[in-house]
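Working through the structure, step by step
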Amino acid sequence: MNVFSKKVGFIGAGNMASAIISGMITAGFEPKNIIASAPTKSHLKSLSDTFGINTSTDNEDVYKDSEIVIFAVKPHKMNIVLEEFNKKTHPKDVLIISLAAGLKIINIEKYLPSGQRIIRAMPNTPSSIREGVTAICQNKYATINDQENAETLFLSVGEVHHLQEQEMDIFTALIGSGPAYVFYLIESLLESASKMKMEEKSKKDMIASMIAGSARLAYEEDSPLVLRKNVTSPGGVTERAIEEFEKNNLKKTILKAIEEAINKSKELGEN
Ligand SMILES: NC(=O)c1ccc[n+]([C@@H]2O[C@H](COP(=O)([O-])OP(=O)(O)OC[C@H]3O[C@@H](n4cnc5c(N)ncnc54)[C@H](OP(=O)(O)O)[C@@H]3O)[C@@H](O)[C@H]2O)c1
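This section reports on the structure supplied with the text. (Residues numbered from 1 in each chain as written. Predicted model: local features only at pLDDT ≥ 70, side-chain atom pairs only at ≥ 80, totals over all residues.)

**Examining the overall build of the protein**
Scanning the protein from N- to C-terminus turns up 12 helices and 8 strands. Along the three orthogonal principal directions, the C-alpha set of the protein runs to about 70 × 40 × 30 Å. Expressed as a percentage of its 271 residues, the buried residues of the protein come to 30%. (Helix = DSSP H or I, 4+ residues; strand = E, 2+ residues; numbered from the N terminus. Buried ≥ 20, exposed ≤ 12 C-beta atoms within 10 Å, placed from the backbone.)

If you want it as structure tokens, here you go:
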């Protein structure tokens, strides 16, 4: 059966669930085949009003019918919902997809019957505008068909990469957290523009457009170094700024920051 006609249930109706549901509906999934549950009625109402999907405050309503269950609660709530799911009569018939950052498949398996098909996915926040990048990996019971179904599902919110689970910490530190690094850059550039008389919003949009344009250019050329050199005339304005970056070891700081983020992701996975 085509994934577009499968019944997909979400446990959790927060930022990530809403982003994915929005993308799925735009991509052609039918609202009547989607259900989401969460404790707060008003969050569910906004999802059902916006997308026309089914909602419930009782997770059991999601477990009851769904062929794919996407766990979109915070990682520290995963034990509660997995235990609850395990009480379902035939949980093995269902494909589990976990979004929980840092939670390893082996730690999800502990709560579930042997043979449970599990996919772990790590999307990032631009998924909310269908420009996300998601990594997926799976346990040995997930079939090729399950992997294809998960890929189709996450393609509705951007691009998808199949990784080994041991690569997930690097992916999380680089791509999962990556949008925050870009926003930090935007904040810093905006501070530098404090003496420009333009409205704050226009300045912010101008900087965001510069980053979006540069990112599109980076698709056209294999080497970011070549692109950088093209902007950097000897003795010019850009060169002066790059010299200052180098003097202050910016590259080393970035490498160290990502290394720290990878370590944090590993620590979270171990706990
Ligand atoms: N945001 C990101 O950038 C990002 C990226 C990758 C992965 N993730 C992962 O995605 C997951 C969800 O993150 P998020 O940002 O969407 O969180 P969020 O906005 O806080 O949403 C969490 C949802 O879980 C619901 N919930 C809490 N306890 C529940 C329970 N017992 N049963 C059912 N639902 C319950 C909450 O209900 P209420 O609506 O009632 O509060 C809320 O709707 C996390 O595991 C996170 O690690 C997030």
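**Quick look at the site of the ligand**
In the vicinity of the ligand, 28 residues are found, and the nearest of them are Gly12, Gly14, Met16, Thr40 and Ala101. Take the shell around the ligand: its biggest share by element is 3 residues, from helix H1 (residues 15-27). A per-class count over the shell around the ligand returns 16 nonpolar, 10 polar and 2 charged. (Near = placed C-beta within 6 Å. Nonpolar A, V, L, I, M, F, W, Y, C, P; charged D, E, K, R; others polar.)

**A word on the sheet that holds strand S4 (residues 68-71)**
With respect to topology, 8 strands assemble into an open sheet ordered S3-S2-S1-S4-S5-S6-S7-S8, the strand pairing being mixed. Each of the sheet's edge strands pairs with one partner strand only, and the pair in question is strand S3 (54-56) and strand S8 (158-162). This sheet shows a mean twist of 20° between the axes of neighbouring strands, independent of strand direction. As paired strands, S4 and strand S5 (residues 95-98) are joined by 4 bridges and run parallel to one another. Across the sheet, residue Val69 finds its bridge partner in S5, namely Ile96. (Pairing = 2+ DSSP bridges. Axes fitted to C-alpha atoms, helices over the stretch in contact; angles between N-to-C directions.)

**Notes on unusual backbone geometry**
Positive phi outside glycine occurs at Arg130, with the angle close to 60°. Mapped onto the elements, Arg130 comes out in the loop between strand S6 (117-122) and strand S7 (132-138). The exposure class of Arg130 is partly exposed, given the 15 C-beta atoms found within 10 Å. Look at Asn249: it is not a glycine, yet its phi comes out positive at around 55°. You can see Asn249 is positioned in the loop between helix H11 (237-247) and helix H12 (250-270).

**Side note on H12**
Its 21 residues place the ends of H12 30 Å apart at the C-alpha level, agreeing with the 30 Å of an ideal helix rising 1.5 Å per residue. Counting buried positions along H12 gives 2 out of 21 residues, so the element sits mostly on the surface. (Expected span 1.5 Å × (residues − 1).)

**Considering the packing of helix H7 (residues 168-176) against H12**
When two helices pack together, you describe them by how their axes are tilted relative to each other and by the distance separating the axes. Two elements in contact, H7 and H12, have axes separated by 8 Å at closest approach and are oriented at 130°. Classified by the angle between their axes, H7 and H12 sit oblique to one another. Every pair of crossing elements has a handedness; the one defined by H7 and H12 is right-handed. In contact with Asp169, Ile170, Thr172, Ala173 and Leu174 of H7, H12 contributes Ile258, Ala261, Ile262, Ser265, Lys266 and Gly269. Here the residues of the contact of H7 with H12 sort into 6 nonpolar, 3 polar and 2 charged. (Parallel < 35°, antiparallel > 145°, perpendicular 65-115°, else oblique. Left-handed = near helix turned anticlockwise from the far one by under 90°. Contact = placed C-beta atoms within 7 Å.)

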